[in-house]
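# Residue-level structural notes
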Amino acid sequence: MKKSNLIASLGIFVVVVLVAAVVYLLTSLQREKEENALMVELAEMDKLEMENQYEEFARQYSELQTQITNDSLIAQLEQEQERTRQLLDELRRTKANDAAEITRLKKELATLRQILRGYVHEIDSLNQLNQQLMAENAAQGERLAAQEQNIQTISAERESLAEKVTIAAQLDATSIAITPLNRKDKAAKKVKDFKKFAVSFHIARNITAQPGNRTIYLRILNPGGQPLSQGGTFAFEDREIEYSARKTVEYSGEDMVVIMYYDVVETLQAGRYQIQIFADGNCIGQSAVTFEQ
């Protein structure tokens, strides 16, 4: 009996050890998963900030070209601007978790900043005898410094909030088309016959977007800029704006086609109509079409 009791006790001990090991393993895997998710979010934020800086530098090259008449210097600025855009394209094609490529593009960004500063100084020197242009260059220099400070401030704020904020990937509506329909739901050509609008578009594939239900809002603006609406509103940029139609769709992360309808209750006029698509508090796509009388 003593031997059997000993064997039973050993069996219970082994089971307890195995259960503890399984619990520890599952806890470790969950912690690692959460840490990986956070690293992905931080990498995406870092990549987005780099894209903003590349875009800003490309724009600044355009502004500098308007301040000079020296063809040789303009050609150099155009060459640097094109190089900046090429690096931006490379960055956009690069995955956020490609550490080696992101590091290389960060070094390129630092080099571009130094080159841009050099051109600003050179242009200021070439135009130093022109008092008016000197004032403009000084203002431009202050603007560049303010923009760089703003970028640094935003970067610091995002870094401090990175552990608390979850960045959701924004959806993208493409191939937006609007078809006016008559009373019989047939395509109509004359504005007076428009009784309904059918708006179709694609929500592009985005593997970083959280799958699930999305409420899509459609706004159709008449030539006067007023929304066609039956009174419904939604929140956008800390205010309530009217929508023409809304629809809830289940988004899986893959490309999907959405069709939305709006029953016309207003008296329409010929002219340019704007179409805006919203989701998750963002304008994810827009287009425009002109209807003749």
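Structural data are supplied above this passage.
The notes below deal with the structure included here. Remember, predicted model here, so these are calculated numbers, not experimental data.

### Examining the sheet that holds strand 9 (residues 282-291)
Spatial ordering of the open sheet is given by 6-3-8-9, a layout of four strands whose pairing is antiparallel. Of all strands in the sheet, those bounded by a partner on one side alone are strand 6 (245-251) and strand 9. With direction set aside, neighbouring strand axes in the sheet form an average angle of 20°. Strand direction decides the pairing type here: strand 3 (residues 212-221) and strand 6, joined by seven bridges, are antiparallel. In the strand pairing of strand 6, Leu 218 is matched with Ala 245.

### Notes on helix 3 (residues 99-126)
Because each turn of an α-helix spans 3.6 residues, side chains separated by three or four positions in sequence point in the same direction. Its 28 residues place the ends of helix 3 41 Å apart at the C-alpha level, agreeing with the 40 Å of an ideal helix rising 1.5 Å per residue. Those residues of helix 3 not exposed but buried are Ile 102, Leu 105, Leu 109, Leu 112, Leu 116, Tyr 119, Val 120 and Ile 123.

### A few points about the sheet that holds strand 7 (residues 256-263)
Strand order across the open sheet formed by three strands is 1-2-7, with antiparallel pairing between neighbours. The sheet is open, and its two edges are formed by strand 1 (173-181) and strand 7, each paired on a single side. Averaged over all neighbouring strand pairs, the angle between strand axes comes to 15°, with direction disregarded. The pairing of strand 2 (residues 196-203) with strand 7 spans eight bridges and is antiparallel. Bridge assignment links Ile 203 to a residue of strand 7, and that residue is Met 256.

### Things to note about unusual backbone geometry
Not every positive phi belongs to a glycine, and Ser 175 is a case in point at roughly 50°. Turning to its location among the elements, Ser 175 is positioned in strand 1. Positive phi, normally seen in glycine, also occurs at Asp 238, with a value near 65°. For Asp 238, the position within the fold is in the loop between strand 4 (233-236) and strand 5 (239-242).

### Some details on helix 2 (residues 71-93)
The end-to-end C-alpha distance of helix 2, which contains 23 residues, comes to 33 Å, matching closely the 33 Å that a straight helix rising 1.5 Å per residue would cover. Residues of helix 2 that are buried: Leu 73, Ile 74, Leu 77, Glu 80, Gln 81, Thr 84, Leu 87, Leu 88 and Leu 91.

### Considering the pairing of strand 5
One face of the sheet, then the other: side chains in a regular strand alternate in exactly this way. The sheet contact formed by strand 4 and strand 5 spans four bridges and is antiparallel. When the bridges of strand 5 are listed, Phe 236 appears paired with Arg 239. The loop that links strand 4 with its antiparallel partner strand 5 comprises two residues; one of these, Glu 237, has a positive phi angle of about 50°.

### Some details on the pattern of salt bridges
On inspection of all chains with the given rule, the structure shows 15 salt bridges. For Glu 63, the salt bridge identified is with Arg 59, shortest N-O distance 2.0 Å. In this pair, Glu 63 and Arg 59 both sit in helix 1 (residues 2-65), four residues apart, roughly one turn of the helix. Counted as one network, the salt bridges with shared partners bring together Glu 80, Arg 83, Glu 90, Glu 101, Arg 104 and Glu 108.

### Remarks on a nonpolar patch on the surface
A cluster of nonpolar side chains, Val 257, Ile 259 and Tyr 261, forms an exposed patch at the surface whose accessible area comes to about 290 Å². Take Ile 259: it is sitting in strand 7. Relative accessible area serves as the criterion here: at 38%, Ile 259 is assigned to the partly exposed category.

### Here we look at the packing of helix 2 against helix 3
Put simply, helix 2 and helix 3 touch, their axes get as near as 11 Å, and they point 160° apart. It follows from the interaxial angle that helix 2 and helix 3 lie roughly antiparallel. Like other packed secondary-structure pairs, helix 2 and helix 3 cross with a definite hand, here left-handed. Between helix 2, through Leu 73, Gln 76, Leu 77, Glu 80, Arg 83, Thr 84, Leu 87, Glu 90 and Leu 91, and helix 3, the contact on the second element is made entirely by Glu 101, Ile 102, Arg 104, Leu 105, Glu 108, Leu 112, Ile 115, Tyr 119, Glu 122, Ile 123 and Leu 126.

### Let's talk about the pairing of strand 3
Of all ten residues making up strand 3, seven are buried, and the element is well covered by its neighbours. In the sheet, strand 3 pairs with strand 8 (residues 271-279) via five bridges, with the strands oriented antiparallel. Pairing of Ile 220 across the sheet is with Ile 275, part of strand 8.

### Observations regarding the nonpolar core
Core analysis: the largest hydrophobic core is formed by 31 residues, its most contacted members being Phe 197, Phe 201, Ile 203, Ile 220 and Ile 277. Every element with two or more residues in this core is listed here: strand 1, strand 2, strand 3, strand 6, strand 7, strand 8 and strand 9. Leaving out residues up to four positions away in the same chain, Phe 201 has contacts with Ala 173, Thr 174, Ser 175, Ile 176, Ile 216, Met 256, Val 257, Val 258, Met 260 and Ile 277. Membership of the second largest hydrophobic core comes to 21 residues, among which are Phe 57, Leu 87, Leu 88 and Leu 144.

### Quick notes on the packing of aromatic side chains
Aromatic rings in a pair are described by how distant their centres are and how their planes are angled relative to each other. Applying the stated rule across the entire model yields eleven aromatic pairs. One aromatic cluster in this structure is built from Tyr 217, Phe 234, Phe 236, Tyr 243 and Phe 278. Residue placement shows Lys 196 over the ring face of Tyr 261; its charged tip is 5.6 Å from the ring centre.

How each quantity is defined
- Residues numbered from 1 in each chain as written.
- Predicted model: local features only at pLDDT ≥ 70, side-chain atom pairs only at ≥ 80, totals over all residues.
- Heavy atoms only, no water.
- Pairing = 2+ DSSP bridges.
- Helix = DSSP H or I, 4+ residues; strand = E, 2+ residues; numbered from the N terminus.
- Axes fitted to C-alpha atoms, helices over the stretch in contact; angles between N-to-C directions.
- Expected span 1.5 Å × (residues − 1).
- Buried < 20%, exposed > 50% of the residue type's maximum accessible area, 1.4 Å probe, protein only.
- Salt bridge = Lys/Arg side-chain N within 4 Å of Asp/Glu carboxyl O.
- Patch = residues over 30% accessible without salt bridge, like charges linked within 9 Å, V, L, I, M, F, W, Y side chains within 5 Å.
- Areas by Shrake-Rupley, 256 points an atom, 1.4 Å probe, with all protein chains shown as cover.
- Parallel < 35°, antiparallel > 145°, perpendicular 65-115°, else oblique.
- Left-handed = near helix turned anticlockwise from the far one by under 90°.
- Contact = heavy atoms within 4.5 Å.
- Core = buried A, V, L, I, M, F, W, Y, C linked by side-chain atoms within 4.5 Å.
- Phe/Tyr/Trp six-rings, centres within 6.5 Å; stacked < 30°, edge-to-face > 60°.
- Lys NZ or Arg CZ within 6 Å of the ring centre and 35° of its normal.

Geometric descriptors of this kind do not, in isolation, establish any biological role.
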